[in-house]
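Structure assessment
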Number of protein chains: 2
Amino acid sequence: MVYRVGLLGLGTVGTGVVQILQRPGHPLLQTVDIAAVGVRSLDKPREVHIPPERLTTDLERIVSDPEIDVVIELMGGIEPARSLILKAVDHGKQVITANKAVIARHGAEIFQAAAQAKVSVLLEAAVAGGIPILQPLQHSLRASRIEAVWGIVNGTTNFILSQMTQEGSSFEEALAVAQARGYAEADPGADVEGWDAADKIAILASLAFGLPVARDQIPCEGIRGISATDIRYAREWGFTFKLLAIAQKAGPSRLDIRVHPTLLPSTHALAGVSGVENAVLVQGDPLGQVVLSGPGAGQGPTASAVVGDLLSLIAHLQTGAQVPNPLWGFPPASAFPPADAESAELPALIPLAELEAEFYVRVLAQDRPGVIGAIGTCFGNHQVSLESITQKECHREQAEIVILTHTVREADCQQAIAEIRQLPQVAGIPAVFRVLR
Amino acid sequence: MVYRVGLLGLGTVGTGVVQILQRPGHPLLQTVDIAAVGVRSLDKPREVHIPPERLTTDLERIVSDPEIDVVIELMGGIEPARSLILKAVDHGKQVITANKAVIARHGAEIFQAAAQAKVSVLLEAAVAGGIPILQPLQHSLRASRIEAVWGIVNGTTNFILSQMTQEGSSFEEALAVAQARGYAEADPGADVEGWDAADKIAILASLAFGLPVARDQIPCEGIRGISATDIRYAREWGFTFKLLAIAQKAGPSRLDIRVHPTLLPSTHALAGVSGVENAVLVQGDPLGQVVLSGPGAGQGPTASAVVGDLLSLIAHLQTGAQVPNPLWGFPPASAFPPADAESAELPALIPLAELEAEFYVRVLAQDRPGVIGAIGTCFGNHQVSLESITQKECHREQAEIVILTHTVREADCQQAIAEIRQLPQVAGIPAVFRVLR
């Protein structure tokens, strides 16, 4: 049996996929024939050799070609990726994709179509590159009730924060280094605003909890607001800044999903994940905590994950299976646990205001007696109990006051901060960040 | 469709498995009926309720009962586990086991029988408890060429070494703490001598390299010889002691597999894995390095892995598959890559003497001028280049001299050490350990 593969896209990852498939490898991969490769330009010089007659700019033809068994989508972006994937599925093709954006937003539609067509859609490469996380969440780990998934799932922002921490540089300086090294794009928005991480945690949460997730409802804060000063103060207290993507169970049909910069104790399992590395922590009952870490992006790791899916798919097809593996589905088709999936409605996401956390707050104020008392009173007015309030550096009669709260309701803390902002002695509140342990 | 499961053993892990299966969980697990449980004593009080008529001391009957679909073996040890597994396979039953000892020694025989009977044998729980490592090695990671697997796969020894490091205690004191907390058995041999770790690395190496591994040829050194002094000196140089299980490719048909205490730089990805935690590092091309860490033992994590296998198995059976998933096989059935598996012979393991490493050597000698020179000369005689040679503490005219070598051939270093042992000024060489980076 030969499996004819159509590749949509021959960029960095596509080239890596071809390189793996063109060298000796797993016996099952010897059954793969790269039958067609869809590209934007036929004339562009390529690092890999594809016979010219197999290159085409007609991607529609690939996804409807009756000779193609498996479509691997590596174009990225929403359209035309979504339409091409749906068309491939409608034509009975198995699909592998590395496209987190399209799955996070249109996963339900795509997996419903796949279930009807009895084909599989695999996406290990879409989240955390070479780290095996989606398949474990679908298989081994699902015997446990997953309570929480915390991830450092964006290498660009993790590199920037590591750089700021190690070099004491500003966000802009660190971003420039990331861009110079090819870790950040010219327009870094999707990474630094946390949108890429939100795509990934939407997918992780769906698989972990067996519930569909509304990507556009995920609260998302990026890392632009973090200054070298905050990183320095955080370190003094034993904390490390990370852009965390968080998904937690919060009652029978409520989920707590969010992306925001977080101060983690430097001893936390995720605090030591530095540079472009990714890591995902899974907390389950009775599993306990598992941490999977490794290269979250890059040609080799991502291509390895794509071909890993191809290997899993071929193994599945060779067993004579009549239908896709039921664990490969996406919610609601495989909703779990059943008690949590009484309706097909999207579960409600808890608004940030209702959540509880400790907070790190940095206030700029006049260096006058009574300022600390006034700030403390504002917090007290809103039931925000403080762990410490410390006057840090002072220059030009302006003092920097840093507050660490105990665990409090976010809405209470925000109201206290709004009140502090109105104090005549206060010049500004440049930093409010959550502390998690 | 109902899947009737026969459980062999209702100890800690068996009880955990029943607890997961008796609560609401994944819909596919609702198809499971615990039809029979084999125990040693029918009268023992149990934490879980099993109808008395389903308890039996006749384990042979379970594995040959035509009503049973899946046998879960949780007895441990070689016999009768091996015979019962083989009999279950011969009777066409699917098998799930957490038994590393029997798979490490009789995996080839068991998997050959399973291939003939067209049934699956799954064993995620046999290595590193709740950490999903075997299934990723069989699926996602296999697209890459696996070059190395390094593991901290024995929680008992990792706890003892962590305890010695944190408390400055001796091996005996730390072992006593481990025993008091239930982390070490009364007879701790299998753990502290490294045999348990050797079982696990044999399994990991087989799956990673697609080659059968001769368990009894794996060089294995335990942790009894590590003293509080060595741990202290190692820390001064920035190293942490770990019992590493190592498996590396070393040419087309040679493997480097071994278990021994290792000094790791404290910044190494595995150095921070402390207490009873386990971690496995996988290095692949073009994957890069992935580290999977978490609870390596205990009721909840191990039971979670067992039930995860059951879930994977049921999902597989529900697809209408006629044969086991080809990626679930064990070498040589699924030998990979083919170039490495030209013969069905066991690949040769490299003897320790041929390997290269840096060495940490601690020598007790008389505190006389010329001793360091004499020791240095012995190393030089055998082409062992030194990074440092340092006189540490001195009491009762006896000096402690600690040597760190550059990367050298082990045989050369051992010959130098034998020569040093003969020096009249030398009273003993209590410590020789390998340093890896």
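For the structure itself, look to the data block above.
Below, the structure is looked at part by part.

Conventions used here
- Residues numbered from 1 in each chain as written.
- Chains lettered and ligands numbered in written order.
- Predicted model: local features only at pLDDT ≥ 70, side-chain atom pairs only at ≥ 80, totals over all residues.
- Buried ≥ 20, exposed ≤ 12 C-beta atoms within 10 Å, placed from the backbone.
- Helix = DSSP H or I, 4+ residues; strand = E, 2+ residues; numbered from the N terminus.
- Arc of directions from axis to C-beta.
- Contact = placed C-beta atoms within 7 Å.
- Pairing = 2+ DSSP bridges.
- Axes fitted to C-alpha atoms, helices over the stretch in contact; angles between N-to-C directions.
- Least-squares fit on C-alpha atoms with pLDDT ≥ 70 in both.
- Core = buried A, V, L, I, M, F, W, Y, C linked by C-beta atoms within 7 Å.

With that settled, consider helix 7 (residues 171–180) of chain A. Residues and elements named next belong to chain A. Of the positions making up helix 7, those classed as buried are Phe171, Ala174, Leu175 and Ala178. All buried residues of helix 7 fall inside an arc of 100° around its axis, so they share one side. Facing away from the buried side of helix 7 by more than 90 degrees, the exposed set consists of Glu172 and Ala180. Those residues of helix 7 that are buried lie in contact with helix 6 (155–167). At the exit of helix 7 stands Gly182, carrying a positive phi of roughly 80°.

Residues and elements named next belong to chain B. As defined by bridge partners, strand 14 (residues 386–395) adjoins strand 15 (residues 398–405) across 7 bridges and the pair is classed as antiparallel. For Gln391, the partnering residue across the bridge sits in strand 15 and is Ile401. Hairpin connection from strand 14 to strand 15: 2 residues lie between these consecutive antiparallel strands, with Arg396 at a positive phi of about 50°.

What follows is about the sheet that holds strand 3 (residues 55–56) of chain A. Residues and elements named next belong to chain A. In spatial order, the strands read 3-2-1-4-5-6; together these 6 strands make up an open sheet with parallel pairing. Single-partner strands in this sheet number two, and they are strand 3 and strand 6 (121–122). Across 6 bridges, strand 1 (residues 3–8) lies against strand 2 (residues 32–38) in parallel orientation. Bridge pairing in strand 2 links Gly6 to Ala36. Seen against the sheet, helix 11 (residues 299–318) touches strand 1, strand 2, strand 4 (70–73), strand 5 (94–97) and strand 6 and runs at an angle of roughly 160° to strand 5.

Our focus in this paragraph is the relation of the copies chain B and chain A. Two copies of the chain are present, and they differ by a rotation about an axis and a shift along that axis. When chain B is fitted to chain A, the best match, at an RMSD of 0.0 Å, comes from turning it 180° and sliding it 0.0 Å along the axis. Those values place the two copies in the arrangement expected of a two-fold rotation axis. A shared binding surface is used by both copies, with 100% of the interface residues of chain B retained as interface residues in chain A.

On to the sheet that holds strand 1 (residues 3–8) of chain B. Residues and elements named next belong to chain B. With parallel pairing, 6 strands are arranged side by side in an open sheet as 3-2-1-4-5-6. Each of the sheet's edge strands pairs with one partner strand only, and the pair in question is strand 3 (55–56) and strand 6 (121–122). Relative to strand 5 (residues 94–97), strand 4 (residues 70–73) runs parallel, the two sharing 4 bridges. Along strand 5, the bridge assignment pairs Ile72 with Ile96.

On to the nonpolar core. Membership of the largest hydrophobic core comes to 284 residues, with the highest contact counts inside it found for A:Ile201 and B:Ile201. The residues touching A:Ile201, leaving out its near neighbours within four places in the chain, are A:Gly151, A:Val153, A:Ile218, A:Ala245, A:Ile246, A:Ala247, A:Ile257 and A:Val259.

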